[in-house]
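Single-letter residue listing:
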Amino acid sequence: MIAIQTANLTKKYGDIIAINGVDLEVEAGEIVGCLGPERSGKTTLLRLLTGLVRPTLGDSTVLGLSSVKESRKLRAKSGIVTDTAACIGSMSALENLLMFASMYGMRKEQARTHAAQLLKKLDLWNARDRKVYTFSTEMCRRLSLARALVHRPQIVFSDGLPGGEQAVSDAMVLRTLSDYAKETGATVLLCTDHLESAEEICTSFAVLEHGFLRASGDLSMLTAASELTPMAVIRVSDTQKMPEDFTLHDGAWEKPIKSEADMPELISGLVRENVGIYEASVCTPTLQDVYYAFVKKPGEETPHEEAVL
Amino acid sequence: MKKLFYKLFSKAERALMMKDLSALCRRRLILTLLIALPLVFAVAFPLLFLFVSAMVSPESSGVEQFKNLLDNIPQGTDERAQMFYIFTAFISPMLFMLIPLLSAIITASYTFAGERAHGTMETLLFAPFSVRRFLQVKAASSVLASGLVTAVSFILFFVATAIGDTVLKAPFFFDLSWFVLVFLLSPAITVLGVTFAAMLTVKARSTAESIQISGYIVLPILLIFIGQIMGLYRLNSIALLVLTAIIVGIDLCLFNFGFRRFTAEKLLTRPPEKPRKEKTNVY
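What counts, and at which threshold
Residues numbered from 1 in each chain as written. Chains lettered and ligands numbered in written order. Predicted model: local features only at pLDDT ≥ 70, side-chain atom pairs only at ≥ 80, totals over all residues. Heavy atoms only, no water. Helix = DSSP H or I, 4+ residues; strand = E, 2+ residues; numbered from the N terminus. Buried < 20%, exposed > 50% of the residue type's maximum accessible area, 1.4 Å probe, protein only. Contact = heavy atoms within 4.5 Å. Areas by Shrake-Rupley, 256 points an atom, 1.4 Å probe, with all protein chains shown as cover. UniProt positions renumbered as here; feature names shortened; annotations may be inferred. Salt bridge = Lys/Arg side-chain N within 4 Å of Asp/Glu carboxyl O. Phe/Tyr/Trp six-rings, centres within 6.5 Å; stacked < 30°, edge-to-face > 60°. Axes fitted to C-alpha atoms, helices over the stretch in contact; angles between N-to-C directions. Parallel < 35°, antiparallel > 145°, perpendicular 65-115°, else oblique. Left-handed = near helix turned anticlockwise from the far one by under 90°. Nonpolar A, V, L, I, M, F, W, Y, C, P; charged D, E, K, R; others polar. Pairing = 2+ DSSP bridges. Arc of directions from axis to C-beta. Buried area = accessible area lost by both parts, 1.4 Å probe. Polar contact = N/O pair within 3.5 Å; in protein donor to acceptor, adjacent residues only side chain to side chain. Core = buried A, V, L, I, M, F, W, Y, C linked by side-chain atoms within 4.5 Å.

## Remarks on the overall build of chain B
Stage number 1. Looking only at helices and strands, chain B has twelve helices and zero strands in total.
Stage number 2. Listing every helix and strand of chain B by position from the N terminus yields α-α-α-α-α-α-α-α-α-α-α-α.
Stage number 3. The 283 residues of chain B split such that 52% are buried.
Stage number 4. Residue pairs in contact within chain B that sit at least 24 positions apart in sequence constitute 80% of those at least 6 positions apart.
Stage number 5. Here chain B displays about 13,900 Å² of accessible surface, and carbon together with sulfur accounts for 69% of that area.

Structure representation (structure tokens):
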């Protein structure tokens, strides 16, 4: 079943095109990492999908519901967390969760149970009766996630998580999201520029830049689309001569290969040529390698590519 | 009443209203303002005027001049009673109308602009409400809060003025005009104040700014009553009923159609910062 589907989704703000003709499909149950640098359109995409913003062109459906015409029903099934949406400061953490659960039509006892589970999981149980305005930024982030999950949504939209400066808190957030998705089969759209976090839990990815969808799919599909290949990395003695198709990089010799199945023959060939091998390994492209195959690295000169219709 | 309330608002909507009402009570400044309004306009002013009326000299030319402006002053009562009657019949209605209007502006400004300033507007827009219904429910919360303040104010005003009428042997103030004022015009003005303040939310970046902008609606209401004080006309019960009907018509338009032009996008977009005036040194 398709959880998210967009067709030529476009959003213009005056002359600026925030999202440009995005065609995206996400299967139910997937954890999709929506990656992109700042101003790539991740937040706009999230707001279009949840019906908070109307598209200029195209449309989108989430869980079979139109984001524009059925946004109220859609939001009833969604949990949304962004770094700009705060919890109610004058209420305690527990009060916040119970109130939002009630807004989604949950019964009191059920709401209490879920709220307690989430607060414990996110290490907020001891602070459950404290007013939210006394919370640190990290605690507020975790509470926002709890708020988005308390009513057991079928789809979770997350923008800006993780994004804190504390690795422990980020790990907790990721683990909670991942566990929730596994337990309930919910679909998660995680908009982030933290590639390591995305690689940890996401099953597929969508790469945005300047409002364009550069690539989408799982890591193997993205790797194939990026035309990056695995590298054979061979460490030999400093005086060893290597064949011409190897290049020296960071003290080791590298050669692109089609797959790790090529390694035995490659190593045999080197041994036949009397190359003394200290270490041989296969280096597969990471998400970061693949990401920067589609997106300009920070510091690289980038022409302003936003299309003006 | 409870059944009607449950019929009009779903569980989710009632949760939102309870949150708004409890937020108003937790905010000390707002609560102080809402308590101060009835104390000043419904208690302090009547008692002050009672004191002034009791101290006024019958030979004072000021009293005669005032009486000459107005007709229908009841005969057979002394100057002090007539003075107090002038206050309850001509001046108090204007002061009393400020209570629902100002309390509506204060509560609606906090409920709408305050929500955006605290970053919680977006959070609440994630909930399963249509934008129009969301705004209507929040407006209803403000109307309830303001209605409560007005009701308490009237009780206090009634007691303070009844004491004045008894002490000075003035005619009892509560007549048909006051009935229309309290039970028909006040609720209509409350809704007007709330919807007006809510619609100006998009321009305000804070509660204080919203109160400032919304305060302009006080002027036309004041002008209507100032005409009466100057003796230009008398707002009798018929005139007040007509005024109520006009305001109810405006309320219905604003409440049902005014909120339609709002989208989540507009509510989430912060208005631009005002350019700061640069200080220039004057030599």
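## Examining the UniProt feature "transmembrane region" (unreviewed entry) in chain B
Residue and element names in this part refer to chain B.
Stage number 1. UniProt tags residues 82-106, 142-164, 176-201, 213-232 and 238-259 as "transmembrane region" (unreviewed entry).
Stage number 2. Regarding residues 176-201, the helix share stands at 92% and the strand share at 0%, and the terminal C-alpha atoms are separated by 37 Å.
Stage number 3. Secondary structure content for residues 213-232 is 70% helix and 0% strand, while the C-alpha to C-alpha distance between its ends is 30 Å.

## What about the pattern of salt bridges?
Stage number 1. For the structure on display, the rule yields 13 salt bridges over all chains.
Stage number 2. Here A:Glu209 and A:Arg214 are joined by a salt bridge, their closest N and O atoms 3.0 Å apart.

## Comments concerning the packing of aromatic side chains
Residue and element names in this part refer to chain B.
Stage number 1. Taken as a whole and assessed by the stated rule, the structure comprises 23 aromatic pairs over all chains.
Stage number 2. Between Phe5 and Phe9, the aromatic rings sit 5.4 Å apart at their centres with planes inclined by 55°, giving tilted as the arrangement.
Stage number 3. You can call Phe5 partly exposed: its relative accessible area is 25%.
Stage number 4. For Phe9, a relative accessible area of 12% translates into the label buried.
Stage number 5. Between the aromatic rings of Phe154 and Phe183, the centroid separation amounts to 6.2 Å while the plane-to-plane angle is 70°, which identifies the pairing as edge-to-face. With Phe154 in helix H7 (residues 131-168) and Phe183 in helix H8 (residues 176-199), this pair connects stretches of sequence that are 29 residues apart.
Stage number 6. Residue classification places Phe154 among the buried residues on the basis of a relative accessible area of 11%.
Stage number 7. Through a chain of ring-to-ring contacts, the aromatic side chains of Phe96, Phe154, Phe157, Phe158, Phe172, Phe173, Phe174, Trp178, Phe179 and Phe183 assemble into a single cluster.

## Describing the packing of helix H3 (residues 93-103) of chain A against helix H4 (residues 108-121) of chain A
Residues and elements named next belong to chain A.
Stage number 1. Between H3 and H4, the shortest axis-to-axis distance is 10 Å and the interhelical angle comes to 135°. It follows that H3 is oblique to H4 by the angle criterion. Judged by the sense of rotation from one axis to the other, the crossing of H3 with H4 is right-handed. Judged by residue contacts, Ala93, Leu94, Leu97, Leu98 and Ala101 of H3 engage Ala111, Arg112, Ala115 and Leu119 from H4.
Stage number 2. Counted by class, the contact of H3 with H4 contains eight nonpolar, no polar and one charged residues.

## Looking at the sheet that holds strand S12 (residues 231-236) of chain A
Residue and element names in this part refer to chain A.
Stage number 1. Here four strands make up an open sheet; going across it, the order is S13-S14-S12-S15 and the pairing antiparallel. The open sheet has two free edges, formed respectively by strand S13 (247-249) and strand S15 (277-283), since each of these has just one partner strand. Strand-to-strand twist in this sheet, taken as the mean axis angle between neighbours without regard to direction, amounts to 30°.
Stage number 2. In this sheet, strand S14 (residues 252-256) lies alongside S13 in antiparallel orientation, the contact comprising three bridges. Within S14, the residue paired with His249 across the bridge is Ala252.
Stage number 3. Against the sheet, helix H9 (residues 263-272) makes contact with S12, S14 and S15, and its axis sits at roughly 155° relative to S15, the strand it touches most.

## Comments concerning the side chain of A:Ser226
Stage number 1. Residue position: A:Ser226 is located in helix H8 (residues 219-226).
Stage number 2. Setting aside anything within four residues of it in sequence, one finds A:Ser226 in contact with A:Val290, A:Ala293 and A:Phe294.

## Brief notes about H8(A)
All names here are of chain A.
Stage number 1. When we look at burial in H8, the residues that qualify are Leu222, Thr223 and Ser226. End-on, the buried residues of H8 take up no more than an arc of 100°, which puts them together on one face. In this structure, H8 carries Ser220 and Ala224 as exposed residues pointing more than 90 degrees from its buried face.
Stage number 2. Where the residues of H8 are buried, they touch strand S10 (204-209), strand S11 (212-217) and helix H10 (287-294).
Stage number 3. After H8 finishes, the residue Glu227 shows a positive phi value of roughly 65°.

## Some thoughts on the side chain of A:Ser92
Stage number 1. By the secondary structure assignment, A:Ser92 is in the loop between strand S7 (78-82) and H3.
Stage number 2. When near neighbours in sequence (up to four residues on either side) are disregarded, A:Ser92 contacts A:Arg128, A:Asp129, A:Arg130, A:Lys131 and A:Val132.

## With respect to the interface of chain A and chain B
Stage number 1. Taken together, the 29 residues of chain A in the interface contact 22 residues of chain B.
Stage number 2. For the pair chain A and chain B, the two sides together bury roughly 2,200 Å², of which 61% comes from carbon and sulfur.
Stage number 3. Three residues, A:Leu52, A:Arg75 and A:Met103, lead the burial of chain A against chain B; their summed loss comes to 28% of the area buried on that side.
Stage number 4. Here A:Glu95 and B:Arg26 are joined by a salt bridge, their closest N and O atoms 3.5 Å apart.
Stage number 5. One can count eleven residue pairs in polar contact (both at pLDDT 80 or more) joining chain A with chain B.

## A few points about the environment of B:Leu267
All names here are of chain B.
Stage number 1. Within the secondary structure layout, Leu267 lies in helix H12 (residues 264-268).
Stage number 2. Its relative accessible area of 2% is what places Leu267 among the buried residues.
Stage number 3. It is 22 Å that separates the C-alpha atoms of Leu267 and Phe9, two residues lying 258 residues apart in sequence.

## Things to note about the nonpolar core
Stage number 1. Counting residues in each nonpolar core, the largest one holds 112 residues, and the members touching the most others are A:Ile4, A:Met103, A:Phe157, B:Leu125 and B:Leu185.
Stage number 2. Here this core takes 18 residues from helix H5 (residues 79-117) of chain B, the largest share from any one element.
Stage number 3. The residues touching B:Leu125, leaving out its near neighbours within four places in the chain, are A:Leu52, A:Arg75, B:Val131, B:Phe134, B:Ala264, B:Leu267 and B:Leu268.
Stage number 4. With 48 residues, the next largest nonpolar core counts A:Leu145, A:Phe205, A:Val207 and A:Val295 among its residues.

## Considerations on unusual backbone geometry
All names here are of chain A.
Stage number 1. One non-glycine residue, Glu227, adopts positive backbone phi at about 65°.
Stage number 2. In this structure, Glu227 sits in the loop between H8 and S12.
Stage number 3. With a phi angle near 55°, Asp250 is a residue other than glycine that sits in the positive phi range.
Stage number 4. With respect to the secondary-structure elements, Asp250 resides in the loop between S13 and S14.
Stage number 5. On the basis of relative accessible area, Asp250 is assigned to the exposed category, the value being 74%.

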